[in-house]
Amino acid sequence: MSEWVSISRVLKAEGIVGGRVCIRGWIYRRSVVGGKAFVRVRDSTGVIQVVVDKNRLGTGLVKRLKDIGLEASVKACGVVVEQPRAPGGREVVADYFEIVGDSRDFPIKGGEGIDYLLDKRHLWIRSRRLTEIMKVKHTVLKAGREYFIRNGWWEVTPPILTASAVEGGATLFPVKYFDKTAYLSQSAQLYLEALIYSLEKVWSLTTSFRAEKSRTRRHLAEYWHLEAEAAWYHMEDMMRVVEELVSYIVRRVLEENMEQLEFLKRDTRILENALETPYPRIRYDEAIEILQGKGVSIEWGDDLGADEERVLTMEFDKPFFITHFPKEIKSFYMKLDKDDPRLALGFDLLAPEGYGEVVGGSEREEDLEKLRDRIIEQGYDPRDYEWYLDLRRYGSVPHSGFGLGVERLVMWITGIDHIRDAIPFPRFRGRIYP
Ligand code: NSS
């Protein structure tokens, strides 16, 4: 038997037509006409038609292929021929065909409802659509890592089991931790802040957890969080890192995933706009004015929800920042604007086309007393944050950081309408299986 060849090679490689190959994969579709079975086999790289002729491989096999369920695993060898009627223009005429793992009545046939499909997610993830999205996500993760490595940032590994809130107590997940209660991390930020005193520029990729009470198109209970923190960086310095990172990731996806984007019917023009930095910046004040001008009922001081963000994104054809939020709607750790202490030096990056927030970041309060006051003001107990306050006691420095929601970015880049498809096994309220 020859060596295993990927299906994309069989479809694309020059000089392979007329030669004999062996492939392996899963049955994607099949039909039996006369004494021939036309079996479309997929592997991780593509789909190709394999022809099984009863005169060559026996009536028994062709009969079995007539009854077999989709997704059975198979091995096949044969000569590659040009075949304009086959998808991809080539097919394999089998001289060897083996059913490795049988499949009876594959439970996804098309047309099922969303809750049923989510119950069968372990099988549904084989679909072409979810596979293409996962390939884009792979590039997003790879490009994020590349960006940080190339620019001299240290990758670190913060804990997931934590003792206190970063982003508000309402979305904490408690877990039994020996004889205490711990919480699943909402953000690595406080730990990254501790690490900048030795490494200066750090980043991490971890899961973050949010016990979001309501089910929305853009909230998961467990998501992948790409976070960075740097000593000496002010807000504007960190915003430049964010726009460079996002444009780098988009560039890499456009270089590597055109096939996926085409399959997903993504209009890539708007992605191309995102290659060019700087991204537009507006202040919260201006955002409120724009919204009021469009008849949205919102007051200065209100938080911007998904609906408000959607309206704002219509004003831009590339990602853009909103900065300088009222301190009441932002977390305790944000530094206040010295020119207007009602405002926090926070920034959000919003993706266009209705997608909204993808990144949240800020300059951090570096002064011990001010930070303690903010912790109390927001209703937390400063004793829970003693270690964090220590960071302001021993060599405090100006510093800033951000967190990027990986699935939010994948959602926008792939143009999908629900965050659940940006992660293989989505977790949200009411869903923990499979
Ligand atoms: O709450 S954030 O806006 N900010 C933080 O957690 C900071 N402590 C990060 C930091 O500065 N190191 O969350 C950051 C991003 C946000 O912009 C979203 O893109 C994403 O994390 N995010 C989520 N994605 C999916 N599902 C949920 N529930 C979710 N919550 C936030």
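Just above sits the structure.
What you see is a predicted model; the values in this text were computed from it and never measured.

S.K.: Which parts of the structure should I look at to understand the packing of helix α11 (residues 284-293) against helix α12 (residues 306-313)?
M.R.: When two helices pack together, their arrangement is given by the angle between the helix axes and by the axis-to-axis distance. Running from amino to carboxyl end, α11 crosses α12 at an angle of 85°, the nearest separation of the two axes being 10 Å. When the axis of α11 is compared with that of α12, the two are roughly perpendicular. Counted together, Ala287, Ile290 and Leu291 of α11 and Glu308, Val311 and Leu312 of α12 form the full contact between these two elements.

S.K.: Can you help me understand a nonpolar patch on the surface in this one?
M.R.: Residues Leu161, Tyr177 and Phe178 make up a contiguous nonpolar surface patch of about 350 Å² in total accessible area. Within the secondary structure layout, Phe178 lies in the loop between β8 (174-177) and β9 (180-184). Taking relative accessible area as the criterion, Phe178 reaches 67% and is therefore assigned exposed.

S.K.: Just to check I follow, could you spell out the site of the ligand for this structure?
M.R.: As a structural note, the neighbourhood of the ligand is formed by 23 residues, with Glu167, Gln189, Glu227, Glu357 and Val358 the closest of them. A distance of 3.1 Å separates an oxygen atom of the ligand from a polar side-chain atom of Tyr223. Within the backbone of Val358, an N or O atom sits 2.8 Å from an oxygen atom of the ligand. Elements with a minimum of two residues in the shell around the ligand: β11 (222-231), β16 (356-363) and β17 (399-405). Grouping the amino acids of the shell around the ligand by side-chain chemistry returns seven nonpolar, eight polar and eight charged.

Cut-offs and rules
- Residues numbered from 1 in each chain as written.
- Predicted model: local features only at pLDDT ≥ 70, side-chain atom pairs only at ≥ 80, totals over all residues.
- Heavy atoms only, no water.
- Axes fitted to C-alpha atoms, helices over the stretch in contact; angles between N-to-C directions.
- Helix = DSSP H or I, 4+ residues; strand = E, 2+ residues; numbered from the N terminus.
- Parallel < 35°, antiparallel > 145°, perpendicular 65-115°, else oblique.
- Contact = heavy atoms within 4.5 Å.
- Patch = residues over 30% accessible without salt bridge, like charges linked within 9 Å, V, L, I, M, F, W, Y side chains within 5 Å.
- Areas by Shrake-Rupley, 256 points an atom, 1.4 Å probe, with all protein chains shown as cover.
- Salt bridge = Lys/Arg side-chain N within 4 Å of Asp/Glu carboxyl O.
- Buried < 20%, exposed > 50% of the residue type's maximum accessible area, 1.4 Å probe, protein only.
- Near = heavy atom within 4 Å.
- Polar contact = N/O pair within 3.5 Å; in protein donor to acceptor, adjacent residues only side chain to side chain.
- Nonpolar A, V, L, I, M, F, W, Y, C, P; charged D, E, K, R; others polar.

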